[in-house]
Amino acid sequence: MREVDLAIVGAGPAGLFGAYYAGFRGLSTAVIDALPEPGGQVTAMYPEKMIFDVAGFPGIRGRDLVANLVEQADQFHPQYLLGVRAEDLSYDGEQPVLTLSDGTVLRCGAVLITGGLGSFTARPLPAAVGFTGTGLVFFVPHLADLAGHDVVIVGGGDSAFDWALALQPIARSVTLVHRREKFRAHASTVARAQALPIEIIVNAEVTRIHGDGHCTGVEVAVRGAEPRTLPADSIVAALGFTADLGPLADWGLELDKRHIRVDSTTATNLPRVFAAGDISEYPGKVRLIAVGFGEAATAVNNAAVIIDPAAHLFPGHSSDNG
């Protein structure tokens, strides 16, 4: 059993800022996430997209925001427990005990849940059933991995077009396949893609993946036209994600659909358990990254005085600490 002052469940922006703030308050911190790298939904769904509503940045790419948050937190050396889920919550006296999917047990001073959408799972590509090779991905952690590839992107939403725009300058070719004629993506994003050498095939579906061990191409059925075979070193199935609370739903938290009810201190109904960011709910809630940052700071400061009753709720200004 490991001991930690604060366990943060969720390594998205709110969780990463919470890790910084916990370190600023002198708390040891463990950050837990089912994804293999920090960043949560930003890393998984729009790392290359520009974000314009984070204070202090006229515009910042999603990947860069995550990198900055990790750097900010790293000065206090949080532990990262990635690729594992927080499965069970119990108590040892007053202190929460988390059991993770890999068997790790954490005895915590407090728990902060910053799980965003909860556990999210990529919607499957029907044509991939039975395909056991490599080359099929649902998001692209590192664009350089697809440099020089023939890339087929399946989907018609913002994520599909974002990947197309990001990959077009470095891939050998980019083709986007969508089953309808109309797109869910923002019209200006679609217009940008249409102005580039990106082939967009509508009223079409990928029906088969070719390749033994690694993808080499795909078959595309086009409504009202002859089927096509496209070269493809990589397929990005940008079909969206389904989200649920996963094991958190069984912890006894007071829920509002897929969100966790909190009070003005971000405390949940469970002792020493707080929630911040998109996963939390209260009257007047606004789900923005900027709001999640403030909620994470509120949660950490209120947790700090529970962990150490001699501590002050107000931490002082960071500028006073050099």
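Remember, predicted model here, so these are calculated numbers, not experimental data.

Cut-off values and rules
Throughout this document, residue positions are counted from 1 along each chain, in the order its sequence is written. In keeping with the predicted nature of the model, local features appear solely for residues at pLDDT of at least 70, side-chain atom pairs appear and are counted solely at 80 or more, and the whole-chain, interface and lining totals rest on all residues. Side-chain descriptors were evaluated using all non-hydrogen atoms of the structure, hydrogens and water having been removed beforehand. Helix and strand assignments follow DSSP, with helices taken as H or I runs no shorter than four residues and strands as E runs no shorter than two, numbered in order from the N terminus. Computation of the radius of gyration draws on C-alpha atoms, with the globule rule given as 2.2 Å multiplied by the number of residues to the power 0.38. Each residue is assigned to one of three classes by its accessible area relative to the maximum for its type, calculated with a 1.4 Å probe on protein chains only: buried under 20%, partly exposed between the two thresholds, exposed over 50%. Only heavy atoms matter for contacts: two residues are in contact if any of them lie within 4.5 Å across the pair. When charges are counted, Lys and Arg contribute as positive and Asp and Glu as negative, whereas His and the chain ends are disregarded. Charged groups are reduced to one reference atom each: NZ for lysine, CZ for arginine, CG for aspartic acid, CD for glutamic acid. Think of a nonpolar core as a cluster: buried Ala, Val, Leu, Ile, Met, Phe, Trp, Tyr and Cys residues, connected wherever their side-chain atoms sit within 4.5 Å. By definition, two strands form a pair when at least two bridges between them are found by DSSP. Only the stretch in contact is used when fitting a helix axis, every axis being a line fitted to C-alpha atoms; angles between N-to-C directions are given from 0 to 180 degrees. In a left-handed crossing the near helix is turned counterclockwise from the far helix by less than a right angle, and in a right-handed crossing that turn is clockwise. Salt bridge criterion: a side-chain nitrogen from Lys or Arg within 4 Å of a carboxyl oxygen from Asp or Glu. Two rings belonging to Phe, Tyr or Trp (six-membered ring only in the last case) form a pair when the distance between their centres is within 6.5 Å. Interplanar angles under 30 degrees mark stacking, angles over 60 mark edge-to-face geometry, and anything in between is tilted. Any angle that falls under 35 degrees is termed roughly parallel, while one over 145 is termed roughly antiparallel, one within 65 to 115 roughly perpendicular, and all others oblique. Side-chain classes are defined by residue name, with Ala, Val, Leu, Ile, Met, Phe, Trp, Tyr, Cys and Pro counting as nonpolar, Asp, Glu, Lys and Arg as charged, and the others, Gly among them, as polar.

*Asks:* Just checking my understanding: could you explain the overall build of the protein for this structure?
*Replies:* From N to C terminus, the protein includes six helices and 22 strands. Against the 2.2 N^0.38 benchmark of 20 Å for 322 residues, the protein shows a C-alpha radius of gyration of 22 Å, consistent with a compact globule. For the protein, the spread of C-alpha atoms along the principal axes amounts to about 75 × 40 × 35 Å. Looking at the 322 residues of the protein, the share that counts as buried comes to 48%. Within the protein, contacts between residues at least 6 apart in sequence are counted, and of these 59% link residues at least 24 apart. Separation of charge centres in the protein, based on 23 positive and 35 negative side chains, amounts to 7 Å.

*Asks:* Can you help me understand the nonpolar core in this one?
*Replies:* Inside soluble globular proteins, nonpolar side chains tend to come together where they are buried. Among the nonpolar cores identified, the biggest contains 33 residues, and Leu 6, Phe 17, Tyr 21, Leu 112, Phe 274 and Val 300 are the most heavily contacted of them. Among the elements of the structure, strand 1 (2–9), helix 1 (13–24), helix 3 (62–74), strand 8 (105–113) and helix 6 (289–307) are those that each provide at least two residues to this core. Setting aside its immediate chain neighbours within four residues, Leu 112 contacts Leu 6, Ala 7, Ile 8, Val 9, Phe 274, Ala 275, Ala 276, Ala 296, Ala 299 and Val 300.

*Asks:* Is there a simple way to explain the sheet that holds strand 17 (residues 234–237) in this structure?
*Replies:* By definition, the strands of a sheet pair up through backbone hydrogen bonds, in either a parallel or an antiparallel sense. In spatial order, the strands read 10-17-11-12-13; together these five strands make up an open sheet with parallel pairing. Both edges of this open sheet fall to strand 10 (136–137) and strand 13 (199–201), since each of them pairs with a single strand only. Here four bridges tie strand 11 (residues 150–154) to strand 17, and the two strands are oriented parallel to one another. Residue pairing in the sheet places Val 154 in a bridge with Ala 237 of strand 17.

*Asks:* Looking at this model, I keep getting lost on the packing of helix 1 against helix 6. Mind explaining?
*Replies:* How two helices pack is summed up by the angle between their axes together with the distance between the axes. Interaxial distance between helix 1 and helix 6 falls to 8 Å at its minimum, and their mutual angle equals 35 degrees. Where helix 1 crosses over helix 6, the handedness of that crossing is right-handed. Counted together, Pro 13, Ala 14, Phe 17, Gly 18, Tyr 21 and Ala 22 of helix 1 and Ile 289, Gly 292, Phe 293, Ala 296, Ala 297, Val 300 and Asn 301 of helix 6 form the full contact between these two elements.

*Asks:* Help me out: how do you make sense of the pattern of salt bridges in this one?
*Replies:* Note that side chains of opposite charge can pair when their charged atoms are close. Enumeration over the complete set of coordinates arrives at 12 salt bridges. For the salt bridge of Arg 85 with Glu 87, the shortest nitrogen-to-oxygen distance reads 3.5 Å. The exposure class assigned to Arg 85 is partly exposed, which follows from its relative accessible area of 33%. Residue classification places Glu 87 among the partly exposed positions, given a relative accessible area of 30%. Here the residues in one salt-bridge network are Glu 3, Asp 92 and Arg 107, joined through shared partners.

*Asks:* Before we go on, may I ask you to explain the packing of aromatic side chains in this structure?
*Replies:* Aromatic ring pairs: the centre-centre distance and the angle between the two ring planes describe each pair. Applying the stated criterion to the full structure yields eight aromatic pairs. Look at Phe 17 and Tyr 21: their rings are 5.9 Å apart centre to centre, the planes differ by 55 degrees, and that puts the pair in the tilted class. Residue Phe 17 and its partner Tyr 21 are located together in helix 1, separated by four residues, close to a single helical turn. This pair shows no difference in class: Phe 17 is buried, exactly as Tyr 21 is. Taken together through their ring pairs, the aromatic side chains of Phe 17, Tyr 20, Tyr 21, Phe 24, Phe 76 and Phe 293 make up a single cluster.

*Asks:* How should the packing of helix 1 against helix 3 be read in this particular structure?
*Replies:* Two elements in contact, helix 1 and helix 3, have axes separated by 8 Å at closest approach and are oriented at 20 degrees. What the angle tells us is that helix 1 and helix 3 run roughly parallel. Here helix 1 and helix 3 pass one another in a crossing that is left-handed. Touching Pro 13, Leu 16, Phe 17, Ala 19 and Tyr 20 of helix 1 are Val 66, Leu 69, Val 70, Gln 72 and Ala 73, all from helix 3. Here the residues of the contact of helix 1 with helix 3 are counted per class, giving nine nonpolar, one polar and no charged.

Structural measurements only, silent on function.
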